[in-house]
Amino acid sequence: MIALPRCAASCIPAMRRLAVVVVILSAGIAPTIAKQEPSSSLEVAKNDFAKAQALATQLAALSPKVDPKEAKAVAECAYATAHRLRSQYHMFGTPIFNNFLVYHGFRKRGYCYQWTEDLLLALDALKLKTLELHWGESYAGTWRENNCLVITAKGQPFERGMILEAWRHFGYLRWNLLLSDEDRYFENTKWAARVRSRAAAAKTSEPRHGVAFQRRVTATEKSSE
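To keep things clear, this report deals only with the structure shown in the data block. (Residues numbered from 1 in each chain as written. Predicted model: local features only at pLDDT ≥ 70, side-chain atom pairs only at ≥ 80, totals over all residues. Heavy atoms only, no water.)

## With respect to the overall build of the chain
We apply this condition: Helix and strand definitions follow DSSP, with helices as H or I runs of at least four residues and strands as E runs of at least two, each counted in order from the N terminus. Summary of the burial criterion: residues with accessible area below 20% of their type's maximum are buried, those above 50% are exposed, and those between are partly exposed, where the area comes from a 1.4 Å probe applied to protein chains only. Contacts: residue pairs with any heavy atoms within 4.5 Å of one another.
Counting secondary structure elements, the chain contains 8 helices and 5 strands. When the elements of the chain are put in sequence order from the N terminus, they spell out α-α-α-α-α-α-β-β-β-β-β-α-α. The 225 residues of the chain split such that 47% are buried. Within the chain, contacts between residues at least 6 apart in sequence are counted, and of these 61% link residues at least 24 apart.

Below, the structure written as structure tokens:
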């Protein structure tokens, strides 16, 4: 995740006061956002419908073996999930500012890897047969680390996949071919397996990513798993 330089210790109290004000103000916005939720958790919002159709077309184009109906289901689920998470996470301001709010306990979730975890698990529930889900990460173990979901046709190399990511775009789903992205991403199969196993065991994931404004940074533990 791209972040601003750390403020001096003397700036922290002022930043906390600012965060408190912002949270209070945004509390009045949250009910309005909630009312905009689709009636179904998998229903695509009207303003996302055309984008979901475009994503479905691009996913189906990854390989002739991709089932167009499955590509459509993935696209619709991805947009519906991003819409739901944007409301649940109460996104406000810049991505880094949201990290600041999570770090200080004003938000429960909202780091980039948490977006990826929730999107991965939502799409896993579709029981895909012609598409595969991969965990992608750039600048792993550093304060610039960013995580995303990468979708490929079944059996395709990771590098030929499509990125799905929302954190860098204020909670709005972004997608593009992996090789066209400004950052270089690598697959982390162990972390994806860990997320899935923890979800299956109904355990809460303990964050161990080197992200901006996060209390615990144990990149060596993460990379060694």
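## Structural notes on the sheet that holds strand 5 (residues 186-187)
Stated precisely, the cut-off is as follows: Whether two strands pair depends on DSSP finding at least two bridges between them.
Read from one edge of the open sheet, 5 strands run 4-3-2-1-5, paired in antiparallel fashion. Because the sheet does not close on itself, it has two edges, and the strands there are strand 4 (174-177) and strand 5. Pairing analysis gives 3 bridges linking strand 2 (residues 146-153) to strand 3 (residues 162-165), with the strands arranged antiparallel. Looking at the pairing, I151 lines up with M162 of strand 3.

## Let's talk about the environment of L121
Take L121: it is sitting in helix 6 (residues 112-124). Classification of L121 by relative accessible area gives partly exposed; the value is 31%. Setting aside its immediate chain neighbours within four residues, L121 contacts V195, R196 and A199.

## Points about the pairing of strand 3
Covered by surrounding structure in strand 3 are M162 and L164 together with I163 and E165, the residues of both alternating faces. Here 4 bridges tie strand 3 to strand 4, and the two strands are oriented antiparallel to one another. Paired with L164 across the two strands is W175, which belongs to strand 4.

## With respect to the packing of helix 6 against helix 7 (residues 189-200)
Put simply, the rule reads: All axes here are fitted lines through C-alpha atoms, helices being fitted over the stretch that makes contact, and every angle between N-to-C directions spans 0 to 180 degrees. Throughout this description, any angle smaller than 35 degrees is read as roughly parallel, any larger than 145 degrees as roughly antiparallel, any in the 65 to 115 degree range as roughly perpendicular, and the remainder as oblique. Here is the rule for handedness: rotate from the far helix to the near one, and if that takes an anticlockwise turn smaller than a right angle the crossing is left-handed, while a clockwise turn gives right-handed. Amino acids are sorted into nonpolar (Ala, Val, Leu, Ile, Met, Phe, Trp, Tyr, Cys and Pro), charged (Asp, Glu, Lys and Arg) and polar (every other residue, Gly among them).
Two elements in contact, helix 6 and helix 7, have axes whose closest approach is 11 Å; the angle formed by their N-to-C orientations is 70°. Classed by the angle they form, the pair helix 6 and helix 7 counts as roughly perpendicular. Crossing of helix 6 against helix 7: the hand is right-handed. Between helix 6 and helix 7, the contacting residues are E117, L120, L121 and D124 on the first element and W191, A192, V195, R196 and A199 on the second. Its residues assigned to classes, the contact of helix 6 with helix 7 shows 6 nonpolar, no polar and 3 charged.

## Structural notes on the packing of aromatic side chains
Applied cut-off: Two aromatic rings from Phe, Tyr or Trp, using only the six-membered ring of Trp, form a pair when their centres are within 6.5 Å; if the ring planes differ by under 30 degrees the pair is stacked, by over 60 it is edge-to-face, and anything between is tilted. To sit over a ring, a charge needs its Lys NZ or Arg CZ within 6 Å of the ring centre and within 35 degrees of the ring normal.
Overall, the coordinates contain 4 aromatic pairs when judged by the stated rule. Ring plane angle 20° and centroid distance 5.8 Å describe the contact between F97 and F100, whose orientation is recorded as stacked. Of this pair, F97 and F100 are both found in helix 5 (residues 95-103), 3 residues apart, which corresponds to roughly one turn of the helix. Take F97: its relative accessible area is 18%, and that puts it in the buried class. In this structure, R86 packs its charged tip against the face of Y172, placed 3.9 Å from the ring centre. The ring centre of Y139 lies 4.0 Å from the NZ or CZ of R144, which sits over that ring.

## A word on the nonpolar core
Taken as a class, soluble globular proteins show a tendency for nonpolar side chains to be buried jointly. Rule in force here: Joining through side-chain atoms within 4.5 Å is the link that ties buried Ala, Val, Leu, Ile, Met, Phe, Trp, Tyr and Cys residues into a set, and such a set is a nonpolar core.
Ranked by internal contacts, the top residues of the largest apolar core, which has 33 residues, are L55, L59, L123, I151, L164 and L173. Every element with two or more residues in this core is listed here: helix 3 (49-60), helix 4 (68-88), helix 6, strand 1 (131-138), strand 2, strand 3 and helix 7. Considering every element that reaches this core, the biggest residue donor is helix 4, with 7 residues. One finds L85, Y89, M91 and I96 within the second-largest nonpolar core, a separate group that totals 8 residues.

## Some thoughts on the pattern of salt bridges
For clarity, the threshold we go by: We count a salt bridge whenever a side-chain nitrogen from Lys or Arg sits within 4 Å of a carboxyl oxygen from Asp or Glu.
Scanning the model with the defined rule gives 10 salt bridges in all. Among the ionic pairs, D124 bridges to R196, the shortest N-O distance being 2.6 Å. With D124 in helix 6 and R196 in helix 7, this pair connects stretches of sequence that are 72 residues apart. With relative accessibility at 24%, the residue D124 sits in the partly exposed group. Salt bridges sharing partners connect three or more residues here, namely E165, R168, R174, D181, E182 and D183.

## Things to note about the packing of helix 4 against helix 6
The N-to-C vectors of helix 4 and helix 6 enclose an angle of 140°; their axes lie 10 Å apart at closest approach. The orientation of helix 4 relative to helix 6 falls into the category oblique. Of the two elements, helix 4 crosses helix 6, and the hand of that crossing is right-handed. Residue-level contacts link V74, C77, A78, T81, A82, L85 and R86 of helix 4 to W115, D118, L119, A122 and L123 of helix 6. Tallied by class, residues from the contact of helix 4 with helix 6 come to 9 nonpolar, 1 polar and 2 charged.

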